[in-house]
Protein chains: 2
Amino acid sequence: MEAPISSPSGTHDIQETRQRLLEAAGEVIAEKGFRAATIREICRRAGANVAAVNYHFGDKERLYIAVLHHTFSVANQNYPLDQGVESGVCPEERLHAFVRAYLLRLLDNGRRVWHGKLIARELFEPTPALSLIVDEMVHPLLGRLIAIVRDFLGESAEPETVKLFARSILGQCLFYFQSRSIIELMNPTLTFDREKIEAIGDHICRFSLAALKQAGNHPAAENSELSEK
Amino acid sequence: MEAPISSPSGTHDIQETRQRLLEAAGEVIAEKGFRAATIREICRRAGANVAAVNYHFGDKERLYIAVLHHTFSVANQNYPLDQGVESGVCPEERLHAFVRAYLLRLLDNGRRVWHGKLIARELFEPTPALSLIVDEMVHPLLGRLIAIVRDFLGESAEPETVKLFARSILGQCLFYFQSRSIIELMNPTLTFDREKIEAIGDHICRFSLAALKQAGNHPAAENSELSEK
């Protein structure tokens, strides 16, 4: 834990404390879950007193919401989903940029471990904050992917078909995050460095492009098979 | 909770108690995690005394291992991965049977909720039992899928390529299990009944077959692109 940096005005100290509280709260909630996490332990880890939580956030619920906003903004800043690719480029390039950015969000070792664990815990043991995650993280992510899928399948594709394709792409990426402990146990020499993440991304794109292009050529078959169900 | 069924010999009672302990332990460990789960609470839920755990299992570790074996055997019995399809049939049919059985294991509402939650918890917070899950559940599952993928890609396919394809298929299925809370939040009218599970399975097979067939026609391209990485 870093020592607070002193500044003449004290404003810097206050911002430092806020940041330390966000980091400590993220760690403790990821580890123990929102319900079991205590303000006391968060403050102990942050080297702050309980009054600081009240001052900066109000209560544990609002502290948690601030922690989530913090992780969303770090993800968007460090791993923008367009990877600098213009929206006008071909859907293949946009798909590649999306898969690459999403895998980096999930697997990059430079990322703080608790960011991913916090979201994984919400999936495993949802709290009322899950709807915030859906609105502010999942919706923008899925919206971007659905626009890419639609470019392949054409405007006549059923919304449900487009969703199935988007989930097939997300699921391939998420697998490496959610099954990471098993993958590492079964492949002891494997490390998720940038080169490996790129290779996985290339495979997922190639795999998905085969399906997207085939469906784009026969959209009616895909729709009618689904609507029969 | 069912009342113990009396029998003249008492053997039936003893087996009943063992079953109730397995069910109660599965529920409590899925809910609280192995470390936080207590023998006291498991016995309370099972309507058994602590001596019964010692008698049947020895200690909490061995009780947990028995619980895991119990879930594996229920899964294999209720959702056999070959779905009665002969090993000699074409790989497309075997893929379909595999995806269908795996989705049913993950999503079927007839399945006890704690079975899936126990495995999901091991992925989220691994214990030493994770290696048992890998050996007895993941290895047979992955072995079967890898044999199917190899039938599409041909004997010359690199083992790492085959693994990437298998993970792409597993990831598509697992997505519906691990992101279920978010999918349900975003699609309030969706229910995972048998018909919906079949439709998802059909999509995953179609999506994956496009990729498998394309790679089967150009195996060299797939291998060389990977080995460059």
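Remember, it's a predicted structure, so these values are computed and weren't measured experimentally.

Reading the values: rules and limits
Residues numbered from 1 in each chain as written. Chains lettered and ligands numbered in written order. Predicted model: local features only at pLDDT ≥ 70, side-chain atom pairs only at ≥ 80, totals over all residues. Heavy atoms only, no water. Helix = DSSP H or I, 4+ residues; strand = E, 2+ residues; numbered from the N terminus. Buried < 20%, exposed > 50% of the residue type's maximum accessible area, 1.4 Å probe, protein only. Contact = heavy atoms within 4.5 Å. Areas by Shrake-Rupley, 256 points an atom, 1.4 Å probe, with all protein chains shown as cover. Lys, Arg positive; Asp, Glu negative; His and termini not counted. Charge placed at Lys NZ, Arg CZ, Asp CG, Glu CD. Least-squares fit on C-alpha atoms with pLDDT ≥ 70 in both. Bend = angle between axes of the 7 residues up to and from the residue. Axes fitted to C-alpha atoms, helices over the stretch in contact; angles between N-to-C directions. Parallel < 35°, antiparallel > 145°, perpendicular 65-115°, else oblique. Left-handed = near helix turned anticlockwise from the far one by under 90°. Buried area = accessible area lost by both parts, 1.4 Å probe. Salt bridge = Lys/Arg side-chain N within 4 Å of Asp/Glu carboxyl O. Polar contact = N/O pair within 3.5 Å; in protein donor to acceptor, adjacent residues only side chain to side chain. Nonpolar A, V, L, I, M, F, W, Y, C, P; charged D, E, K, R; others polar. Phe/Tyr/Trp six-rings, centres within 6.5 Å; stacked < 30°, edge-to-face > 60°. Disulfide = S-S within 2.5 Å. Expected span 1.5 Å × (residues − 1). pLDDT = per-residue confidence, 0-100.

Visitor: Got a minute to help me understand the overall build of chain A in this structure?
Guide: Of the regular secondary structure elements, chain A holds 11 helices and zero strands. Element order for chain A, N to C, with α for helix and β for strand: α-α-α-α-α-α-α-α-α-α-α. By principal-axis analysis of the C-alpha atoms, chain A measures approximately 65 × 40 × 35 Å. Out of the 229 residues belonging to chain A, those deemed buried represent 53%. A sequence separation of at least 24 residues applies to 69% of the contacts in chain A between residues at least 6 apart. Carbon together with sulfur atoms contributes 53% to the accessible area of chain A, which is approximately 10,600 Å² in total. Between the mean site of the 26 positive side-chain charges and the mean site of the 30 negative ones, chain A shows a separation of 6 Å.

Visitor: Is there a simple way to explain the relation of the copies chain B and chain A in this structure?
Guide: The second copy of the chain is related to the first by a rotation about an axis and a shift along the axis. By a simple turn and slide, chain B fits onto chain A: the slide is 0.0 Å along the axis, the RMSD is 0.0 Å, and the turn is 180 degrees. Between the two chains, the operation in question is that of a two-fold axis. Relative to the rotation axis, the C-alpha of Gly-171 of chain B is the closest in chain B, positioned 2.4 Å from it. When the interface residues of chain B are mapped onto chain A, 98% of them again fall at the interface, so both copies present the same face.

Visitor: Even after reading the chapter, I still don't get helix 7 (residues 130-153) of chain B, so can you show me in this structure?
Guide: Spacing of three or four residues puts side chains on the same side of an α-helix, whose turn is 3.6 residues. Val-138 of chain B marks the point of greatest bend in helix 7 of chain B, at about 40 degrees, and the proline Pro-140 of chain B comes within the next four residues. Phi turns positive, to about 95 degrees, at Gly-154 of chain B, one or two residues after helix 7 of chain B.

Visitor: Whenever I open this one, the packing of helix 1 (residues 11-32) of chain B against helix 2 (residues 39-46) of chain B confuses me. Can you help?
Guide: Axes are the key here: two packed helices are described by the angle between their axes and the distance separating the axes. All names here are of chain B. At a minimum axis separation of 8 Å, helix 1 and helix 2 run at an interaxial angle of 130 degrees. As summarised for this structure, helix 1 and helix 2 are arranged oblique, according to the angle between their axes. Note on packing geometry: the crossing formed by helix 1 with helix 2 is right-handed. From helix 1, Arg-20, Leu-21, Ala-24, Ala-25, Glu-27, Val-28, Glu-31 and Lys-32 reach across to helix 2, where they touch Glu-41, Ile-42, Cys-43, Arg-45 and Ala-46.

Visitor: I keep staring at the interface of chain B and chain A and nothing clicks. Help me out?
Guide: Facing 54 residues of chain B, the contacting portion of chain A comprises 53 residues. With both sides pooled, the region where chain B packs onto chain A buries about 4,900 Å², and carbon together with sulfur makes up 65% of that total. Counting across the interface, chain B meets chain A through four salt bridges. For the salt bridge of Lys-196 of chain A with Glu-160 of chain B, the shortest nitrogen-to-oxygen distance reads 3.2 Å. Our count for the contact surface shared by chain B and chain A stands at 14 residue pairs in polar contact (both at pLDDT 80 or more). Of all the elements, helix 8 (residues 159-178) of chain B adds the most residues to the side of chain B that touches chain A, at 14 residues. A breakdown of the residues in the side of chain B that touches chain A according to their chemical character gives 27 nonpolar, 12 polar and 15 charged.

Visitor: Explanation requested: the pattern of salt bridges in the structure shown.
Guide: Side-chain pairs of opposite charge can arise whenever the charged atoms involved come near each other. Residue and element names in this part refer to chain B. The full count for this structure, using the stated rule, is 32 salt bridges over all chains. Between Asp-151 and Arg-94 there is a salt bridge whose closest N-O contact spans 2.2 Å. In this pair, Asp-151 is assigned in helix 7 and Arg-94 in helix 5 (residues 91-107), connecting sequence segments 57 residues apart. With relative accessibility at 42%, the residue Asp-151 sits in the partly exposed group. A salt bridge links Arg-100 to Glu-198; the shortest N-O distance between them is 2.6 Å. Of this pair, Arg-100 sits in helix 5 while Glu-198 sits in helix 10 (residues 194-217), and the two are 98 residues apart along the sequence. Taking relative accessible area as the criterion, Glu-198 reaches 24% and is therefore assigned partly exposed.

Visitor: Would you mind going over the packing of aromatic side chains with me for this structure?
Guide: The geometry of an aromatic ring pair is captured by the separation of the ring centres together with the interplanar angle, meaning the angle of the planes. Counted under the stated rule, the structure contains 12 aromatic pairs over all chains. Between the aromatic rings of Phe-175 of chain A and Tyr-176 of chain A, the centroid separation amounts to 5.8 Å while the plane-to-plane angle is 90 degrees, which identifies the pairing as edge-to-face. Taking the centre distance of 5.9 Å and the plane angle of 40 degrees together, the rings of Phe-98 of chain B and Tyr-102 of chain B count as tilted. Pair noted here: Phe-98 of chain B and Tyr-102 of chain B are both in helix 5, with a separation of four residues, about one helical turn.

Visitor: I would appreciate a short explanation of the state of the cysteines in the present structure.
Guide: When the sulfur atoms of two cysteines share a covalent bond, that bond is a disulfide. Residue and element names in this part refer to chain B. Using the criterion set out here, one finds zero disulfides over all chains in the structure. The structure places no disulfide on Cys-90, whose sulfur is separated from the nearest cysteine sulfur, that of Cys-205, by 11 Å. The thiol sulfur of Cys-205 is not disulfide-bonded, and the nearest other cysteine sulfur, from Cys-173, lies at 7.8 Å. For Cys-205, a relative accessible area of 4% translates into the label buried.

Visitor: So what exactly am I meant to see when it comes to helix 5 (residues 91-107) of chain A here?
Guide: Residue and element names in this part refer to chain A. With 17 residues, helix 5 extends 24 Å from end C-alpha to end C-alpha; this agrees with the ideal 24 Å at 1.5 Å per step. Taken across its 17 residues, helix 5 has 12 buried, putting it largely inside the fold. Of the positions making up helix 5, those classed as buried are Arg-94, Leu-95, Ala-97, Phe-98, Val-99, Ala-101, Tyr-102, Leu-103, Leu-104, Arg-105, Leu-106 and Leu-107. On its buried side, helix 5 packs onto helix 4 (60-78), helix 7 (130-153), helix 8 (159-178), helix 9 (180-186) and helix 10 (194-217).

Visitor: Could you clarify how one ought to interpret the confidence of the model for chain A in this entry?
Guide: Detailed reading of the predicted model is not advised wherever pLDDT is low. All names here are of chain A. Residues of chain A with pLDDT of at least 70 account for 91%, and the chain-wide mean is 89. The model gives residues 1-8 a pLDDT under 50, and that stretch makes 15 contacts with residues more than four places away or in other chains. A low-confidence stretch, residues 224-229 (pLDDT under 50), is modelled with six contacts involving residues beyond four sequence positions or located in other chains.

Visitor: I keep staring at the packing of helix 1 of chain B against helix 4 (residues 60-78) of chain B and nothing clicks. Help me out?
Guide: All names here are of chain B. Following both chains from N to C, one finds helix 1 and helix 4 inclined at 95 degrees, their axes separated by 9 Å at the closest point. Of the possible angle classes, the one that applies to helix 1 and helix 4 is roughly perpendicular. The segment helix 1 lies against helix 4, with Arg-18, Gln-19, Leu-21, Leu-22, Glu-23, Ala-25, Gly-26 and Ile-29 engaging Leu-63, Tyr-64, Ala-66, Val-67 and His-70. Among the residues making up the contact of helix 1 with helix 4, the classes are represented as eight nonpolar, three polar and two charged.

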